Structures are given as structure tokens and as C-alpha cells.
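# Commentary on secondary and tertiary structure
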Amino acid sequence: MHATSARATVAGVSMKTNLLERLFHLRAAGTTAGREVVAGLGTFAAMVYCVAVNPAIMSNAGMDRASELTATCLIAIIASATMGLLANLPLGLAPAIGSNVVFAVVMVQQMGVPWPAALAIVCLTGIVFMILTVTKVRERMADGMPDCLRVGIQIAVGLTIMFIGLRNAGFVVGNHTTLVTMGALSSPAVMLTFAGLVITPALVAAGVPGALIISIAGLTLIGLFVPDGHGGTITHWPTRMFAMPVWPSATAFHMDPGYIFHNFFYVLPVIIFFLCTELFGTLANLLGIASAGGMLRRDGSIPNATRAFAADAAGTILGPVLGTAVVAVYLESVIGVQMGGRTGLVAVVIALGFVAALFLWPLFMIIPPQATTPALVMVGILMFGAISRLDLKDMTQSVPAIMTFMFAVLTGNLLNGMAFGTFSYIVMNVAAGRWRNVTPTAWGLGLIMALFFIVSMSMRH
């Protein structure tokens, strides 16, 4: 009996292992199922904040917050699982916080577009993305990106994610004289972040498996005992551990495409804005994340790029159907990649995390930014290593890369960095008599970025 049971258990484990191998090709990627699971949990822990933040943003458009929470989880589950199973890449997808601010504040509040019509506009851009993906236009654009801009984008992604983490944790605060400065060391939140910034790199340097997720979990637990200065603690213990999700009936299947046809020229600038933002935002994130993990092919192209873009486009089409807006690859996916994640199993684990979040979201909401910031900073430091690929003596290569990450960080917008880096790359190569080195992708990117700036200026007015 015992021998039979043992053989059955071994057979069951073997079948599961073979299934994972067939789906994700773990051995070829040089990874293991255990490493992929840990990497997926690390990425999920870093991006689960969207479950709370996205509904709060969308509520500014008059949309039901409870429905938005469920819609956020559902689209993250579907889009991330699609990315993992279709493209076999370790990328997490969820509603894009930055673009959804434009959705709620600019389109709905400032322009007066009803939110059902705004959802239809986003869905339309997703359809355009899919057409560009199927025709492989997006993949050709990615393949034709000059390497110096790839380096600049990777560093920009790393520095941006560092700054976002430090700002959200209160470690970096505004200042009237210097614009930014370090938060007060007398603040318990700042000191907890400071401790994490010292301990987390030490764990990574020591080669501790799962160092980043250990850091996030440990700092979250410590936060239960650290005062927040307002009578509570940095980590708030949830009042309940389990909550049933609410079906998003207040927002799902409420799109109004008719508004677009009756007001096409009025909404055209915001359509172009979303097209540019998502088209190049996703491209930048994919290049940055793939570069950070050494996942680019020898020719510098992204593996399974067309399928990755298709998963992204499908999410942006389906998101508005469920009642949430733009869906994008999250920069926080870099965490899983730096933890050794290399296959779509990471994305599937992320999707399963959001399944749990549907029911256990009060528990996941206790992770404070002070716990995730050290991991984000460590990832940014590791990504900065791409600068070694630059020939700093060649100004036509070094200046565009530096302009890319400098403007991205200083303006708080990755697209600004891509635009200035591209403009400088084109102008400097033409000035140096190397205009033949400028790829068609660079020319096209420069033209579209110029159009993007024109549209952005019209939206501000």
C-alpha cells in the first residue's frame, strides 16, 4: 500500500514537472519551477498596490470603487496569464496607473467625456495596438531601436522605479529650494526605509535565495511595531482577512462607442495621446526589463515580441469591457527578472496572486511602500549596470543614452526621456555625418514623438 502510494505521488509530481516543462521550457531558460514561483511572488508583492490605487483613481471619473477593484483584479489575472501562456515571458500586466490618471482626470473631469465613452476610446486604441501587433509593426520598431537608446531606456526604467519607490516611502520629499530632498531621519517611516536600504543589498550580496521577497515580507512584519507618527503603525493589521469580491456590474459592458463617432475630432487628441503613450510605454518597459534580465537575443531583439505585444493589446481591449482602462506591462516585473525569473511561469504565478487578491485583498493591502522600496532601489541599481555597454568616448552614442535616462528621471516621465534621447541621437548623428547610421525606427520614433508633444500641448490647453 505504502509503496503504491509513494509511486503514485512520484508519478503525480513527474506529470506536473513535465507539464511545466512543456509549457514554459524551464531547462532551456536555465531556471527551475521553484525559482520561477519565488520570482512571481516577488513581482506580485511589488505590484499588488494597484488593487487599491486603481479603483481610487477611477472613482474620480464617477465609477464605482468596489466594481473597479474587482475589474482591476480580473484584468490583471487574464492579461498576466495570457502573457505567461502565450508569450512565455515573466511579465505582470495590470491597469496602468499613469494612463488611468489621464483617463479619469483629463478625459472625464476636464474634457467632460462620459466614462462609458472614455472606455470605448481606450478599447479602440487597444484594437489599433492589436492591428499593429499582427502586422508586426511594433516588433520591427523594437528590433530597430539603436542600442544606445536601449541602454538609456534600461537605466531610465531602473532610476524611475527607484525614485518612485523612494518617493512613495517618504524617503524623498518635495523641497521649495532643491525640488527634492531626503525625508527627516526622525520619521520612523524614513528610518524603516533606511534600514531596508542597508539590509536588502546585503542579502543580495550574500546570495540569499529570494532576498528581495524576504526583504519585503520582513519589513512588512517589522512595520507592525513601528509607529507611523499618527497614533498607528506603518503596517496596519487588516480588520478582516477575507472579503468576497463584487461583480463589476456597475462598470462592465457599459462602453459607448457612439460618442466617438459624434465627437471624433474633439477626442482625437486624447486618442493619439493614448496610442503614443501605450505604444512606446510598453516598448520601453519590455526593452528595459528584457535587457535587465539578459533576455534579449544576440541581435538585440525581444524574444516572442509579437506575442508579448498581443497580450498587452488584448488586455487593453478587454479592460474597458470589464470597466477599467488601459492595461500595461508593469515596471515592477523587473523585480521578478532580477530574482531569476525567466519564463511565463512567473506571469502565471502573478495571475494566481491576483486570484488570491480577489478574496484576500484586505491582507495584501497591508504591505507598506517602506517594505517594497528597498527592493525597487536594489533592482534599479542592478539595471544601471547597462551603462558598461556604452562607449562613453563616442558622443553620438553616450549623449543620447544619458539624455534618455536624465530627462526621464528629472521630468518623471519615461516618454520624455525616450523623446529627448531620440532627438539627440538623430541630430548628433546627422551633424557628425553619420546619418546613414540612423535606423528607420529611430526616424519614425522621432517623428511620432514630435507628434506626441504637439498633442500633449493641445491637451494642456
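As shown above, the structure is provided for reference.
My aim in this report is to walk through the structure given alongside it, one point at a time. No experiment lies behind these values; they were computed from the predicted model shown.

Definitions and cut-offs
- Residues numbered from 1 in each chain as written.
- Predicted model: local features only at pLDDT ≥ 70, side-chain atom pairs only at ≥ 80, totals over all residues.
- Heavy atoms only, no water.
- Salt bridge = Lys/Arg side-chain N within 4 Å of Asp/Glu carboxyl O.
- Buried < 20%, exposed > 50% of the residue type's maximum accessible area, 1.4 Å probe, protein only.
- Helix = DSSP H or I, 4+ residues; strand = E, 2+ residues; numbered from the N terminus.
- Pairing = 2+ DSSP bridges.
- Expected span 1.5 Å × (residues − 1).
- Arc of directions from axis to C-beta.
- Contact = heavy atoms within 4.5 Å.
- Axes fitted to C-alpha atoms, helices over the stretch in contact; angles between N-to-C directions.
- Parallel < 35°, antiparallel > 145°, perpendicular 65-115°, else oblique.
- Left-handed = near helix turned anticlockwise from the far one by under 90°.
- Nonpolar A, V, L, I, M, F, W, Y, C, P; charged D, E, K, R; others polar.
- Core = buried A, V, L, I, M, F, W, Y, C linked by side-chain atoms within 4.5 Å.

## Concerning the pattern of salt bridges
Should their charged atoms come close, side chains of opposite charge can pair. By the definition in use, this model includes 3 salt bridges. Between glutamate 21 and arginine 27 there is a salt bridge, with the nearest N and O atoms lying 4.0 Å from each other. Arginine 27 sits in the exposed class, given a relative accessible area of 67%. A salt bridge links aspartate 394 to arginine 434; the shortest N-O distance between them is 3.3 Å. Within this pair, whereas aspartate 394 is found in the loop between helix H16 (369-383) and helix H17 (395-411), its partner arginine 434 is found in the loop between helix H18 (414-431) and helix H19 (440-460), the two being separated by 40 residues in sequence.

## Details of the pairing of strand S3 (residues 179-182)
Two faces make up the sheet, and in a regular strand the side chains alternate between them. Two strands pair when backbone bridges link them, and strand S2 (residues 172-175) and S3 are joined in this way by 4 bridges, in the antiparallel orientation. Pairing of valine 172 across the sheet is with methionine 182, part of S3. The hairpin turn running from S2 into S3, its antiparallel successor, is 3 residues long.

## Remarks on helix H9 (residues 188-205)
Counted at 1.5 Å a residue, the expected span for H9 with its 18 residues is 26 Å, and the 26 Å between its end C-alpha atoms agrees. Of the positions making up H9, those classed as buried are Ala189, Val190, Leu192, Thr193, Gly196 and Thr200. Considered in projection along H9, the buried side chains sweep an arc of 150 degrees and stay on one side of the axis. Along H9, the residues that are exposed and aim more than 90 degrees away from the buried face are Val198 and Ala205. On its buried face, H9 sits against helix H10 (211-222) and H16.

## Structural notes on the packing of H10 against H16
Running from N to C, H10 and H16 cross one another at 155 degrees; their axes reach a closest spacing of 7 Å. When the interaxial angle is binned, H10 and H16 end up roughly antiparallel. Where H10 crosses over H16, the handedness of that crossing is right-handed. Contact residues: H10 offers Leu212, Ser215, Ile216, Leu219 and Thr220, while H16 offers Gln370, Ala371, Thr372, Pro374, Ala375, Met378 and Val379. Taken together, the residues of the contact of H10 with H16 break down into 8 nonpolar, 4 polar and no charged.

## Brief notes about the nonpolar core
Among the nonpolar cores identified, the biggest contains 117 residues, and Met83, Phe103, Phe274, Phe280, Phe354 and Met418 are the most heavily contacted of them. Top element by residues in this core is helix H12 (residues 264-292). It accounts for 14 residues. Sequence-distant contacts of methionine 83, defined by excluding residues within four places in its chain, comprise Asn88, Leu89, Leu91, Leu93, Ala308, Ala311 and Val329.

## Some details on the environment of phenylalanine 384
Mapped onto the elements, phenylalanine 384 comes out in the loop between H16 and H17. Under the relative-accessibility criterion, phenylalanine 384 is labelled partly exposed at 30%. For the pair phenylalanine 384 and glycine 323, spaced 61 residues apart in the sequence, the C-alpha separation amounts to 37 Å. Leaving out residues up to four positions away in the same chain, phenylalanine 384 has contacts with Ile155 and Leu159.

## Description of unusual backbone geometry
Non-glycine residue lysine 136 carries a positive phi angle of around 65 degrees. With respect to the helices and strands, lysine 136 occurs in the loop between helix H6 (115-134) and helix H7 (137-143). Even without being glycine, leucine 179 reaches a positive phi, approximately 75 degrees. Relative to the assigned elements, leucine 179 resides in strand S3. On the basis of relative accessibility, which here comes to 65%, the residue leucine 179 falls in the exposed class.

## Observations concerning helix H3 (residues 50-58)
Listed in full, the buried residues belonging to H3 are Cys50, Val51, Asn54, Pro55, Ile57 and Met58. Buried residues of H3, seen end-on, are gathered within an arc of 160 degrees and therefore sit on one face of the element.

Everything listed is a geometric property; what it means functionally is a separate question.
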